[in-house]
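Close look at the chain arrangement
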Amino acid sequence: MDSPFEIPQDFPVPPEPPAGLRVYQDERGEVLSHSRRNLASTAILTVWLVCWWVGIIGQFCVIYSHPTTVLHWFIFSLFCIPGLLVPFVLLGTLYGAQELCFRFDGEVTICRRYGVFQFSSKKFHPKDIQHLAVSQAPAYTKNGNRINHLTNTSTLDIELPDETLHVMFPNDPDQAIARYCGTRLRAIQKTF
């Protein structure tokens, strides 16, 4: 496997973000947003959800038309829980995104967005970054002991004093999105 591409200190920030990366401003600051849309998962989940709800409706008709016990209603309610939770997973596969937010107060936030829900995963200040590197994510063999091939997912490794963050960018075979985000971090780091 090739060694990771290290972001040099004087690497200039590209004037335009690469294809697949959306840049916008909101109340938090400037946001670099990379879509995590997965149409294959969306199709599979949609078919599963329709079949699941057909089963739930059929079971409800059986329970409602025949004498039942509390146990029947309890088991029925347990089967309703996945039918109520999977639509949120479906929203995540359609409208999910991974975001690097350069906040107005100088903090950088890495968060994942699933539809309208945002889950902040990590916050840090650029001055705390010790090392930045970009690499292509490897695919391992089934037993996980040997690299099979490189995938078209790139990673941005952000080394902080206590931990190293691995930000994954699917569908980025040329590492363009990861390099762009790395140069933005390096440029912001130099301003502190």
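Residues numbered from 1 in each chain as written. Predicted model: local features only at pLDDT ≥ 70, side-chain atom pairs only at ≥ 80, totals over all residues. Heavy atoms only, no water.

Considerations on the overall build of the protein
- A tally of regular secondary structure across the protein gives three helices and nine strands.
- The C-alpha atoms of the protein give 22 Å as radius of gyration, which overshoots the globular expectation for 192 residues (16 Å, by more than 25%).
- Along the first, second and third principal axes, the C-alpha set of the protein runs to 75 × 45 × 30 Å.
- Classification of the 192 residues of the protein by burial places 36% in the buried group.
- Of the contacts made within the protein by residues no fewer than 6 positions apart, 57% connect residues no fewer than 24 positions apart.
- With an accessible surface of roughly 11,700 Å², the protein has 61% of that area assigned to carbon and sulfur atoms.
- Put simply, the protein has 16 plus and 17 minus side-chain charges, and the middle of one group is 6 Å from the middle of the other. (Helix = DSSP H or I, 4+ residues; strand = E, 2+ residues; numbered from the N terminus. Rg over C-alpha atoms; globule rule 2.2 N^0.38 Å. Buried < 20%, exposed > 50% of the residue type's maximum accessible area, 1.4 Å probe, protein only. Contact = heavy atoms within 4.5 Å. Areas by Shrake-Rupley, 256 points an atom, 1.4 Å probe, with all protein chains shown as cover. Lys, Arg positive; Asp, Glu negative; His and termini not counted. Charge placed at Lys NZ, Arg CZ, Asp CG, Glu CD.)

Description of the side chain of Arg28
- Relative to the elements of secondary structure, Arg28 occurs in the loop between strand E2 (21-25) and strand E3 (29-35).
- Since its relative accessible area comes to 15%, Arg28 is described here as buried.
- Within the structure, Arg28 has its side chain in polar contact with the side chain of Asp26 (distance 2.9 Å).
- Engagement of the side chain of Arg28 in a polar contact is seen with the side chain of Glu99, the distance being 3.3 Å.
- Ignoring anything within four residues of it in the chain, the contact list for Arg28 reads Glu99, Cys101, Phe102, Arg103, Phe104, Cys111 and Gln118. (Polar contact = N/O pair within 3.5 Å; in protein donor to acceptor, adjacent residues only side chain to side chain.)

Describing helix H3 (residues 176-189)
- Relative to the 20 Å expected for 14 residues at 1.5 Å per residue, H3 spans 20 Å between its end C-alpha atoms, a close match to the ideal helical length.
- Counting buried positions over the 14 residues of H3 gives ten, a clear majority of the element.
- Every buried residue of H3 is listed here: Ile177, Ala178, Tyr180, Cys181, Gly182, Thr183, Arg184, Leu185, Arg186 and Gln189. (Expected span 1.5 Å × (residues − 1).)

Comments concerning the pairing of strand E8 (residues 147-159)
- By the bridge criterion, nine bridges tie strand E7 (residues 131-140) to E8 in an arrangement that is antiparallel. By the bridge assignment, Ala133 is partnered in E8 with Asp157.
- Relative to strand E9 (residues 164-169), E8 runs antiparallel, the two sharing six bridges. Along E9, the bridge assignment pairs Leu156 with Val167. (Pairing = 2+ DSSP bridges.)

Here's the deal with the confidence of the model for the protein
- Scored by pLDDT, the protein has a mean of 84; 95% of the residues are at 70 or more.
- Mean pLDDT per element in the protein: strand E6 (residues 117-124) is the minimum at 80, and E2 is the maximum at 92. (pLDDT = per-residue confidence, 0-100.)

Digging into the state of the cysteines
- Scanning the entire structure with this criterion turns up zero disulfides.
- Free of any disulfide, Cys80 has its nearest cysteine sulfur in Cys61, 12 Å distant.
- The structure places no disulfide on Cys101, whose sulfur is separated from the nearest cysteine sulfur, that of Cys111, by 6.9 Å. (Disulfide = S-S within 2.5 Å.)

Structural notes on the nonpolar core
- Phe124, Leu156, Ile158, Cys181 and Leu185 are the most contacted members of the largest nonpolar core, which has 22 residues in total.
- Counting only elements with at least two residues in this core, the list comes to strand E4 (97-103), strand E5 (108-114), E7, E8, E9 and H3.
- The element that contributes the greatest number of residues to this core is H3, accounting for five residues.
- Not counting residues up to four positions away in its chain, the partners in contact with Phe124 are Glu107, Val108, Ile110, Ile129, Ile158, Leu160, Leu165 and Leu185. (Core = buried A, V, L, I, M, F, W, Y, C linked by side-chain atoms within 4.5 Å.)

Some remarks on helix H2 (residues 70-95)
- Taking 1.5 Å of rise per residue, 26 residues should cover 38 Å, and H2 covers 39 Å from first to last C-alpha, within 8% of that figure.
- Taken as a whole, H2 has its buried residues at Phe76, Cys80, Gly83, Val86, Leu90, Gly92 and Thr93.
- Close packing links the buried residues of H2 with helix H1 (39-65) and E5.

Observations concerning the packing of aromatic side chains
- Summed over the entire model, instances satisfying the criterion amount to six aromatic pairs.
- Pairing Trp48 with Trp52 gives two aromatic rings, centres 4.8 Å apart and planes at 20 degrees, and the pair type is stacked. Residue Trp48 and its partner Trp52 are located together in helix H1, separated by four residues, close to a single helical turn.
- In this structure an aromatic cluster arises from ring pairing among Phe60, Tyr64, Trp73 and Phe76. (Phe/Tyr/Trp six-rings, centres within 6.5 Å; stacked < 30°, edge-to-face > 60°.)

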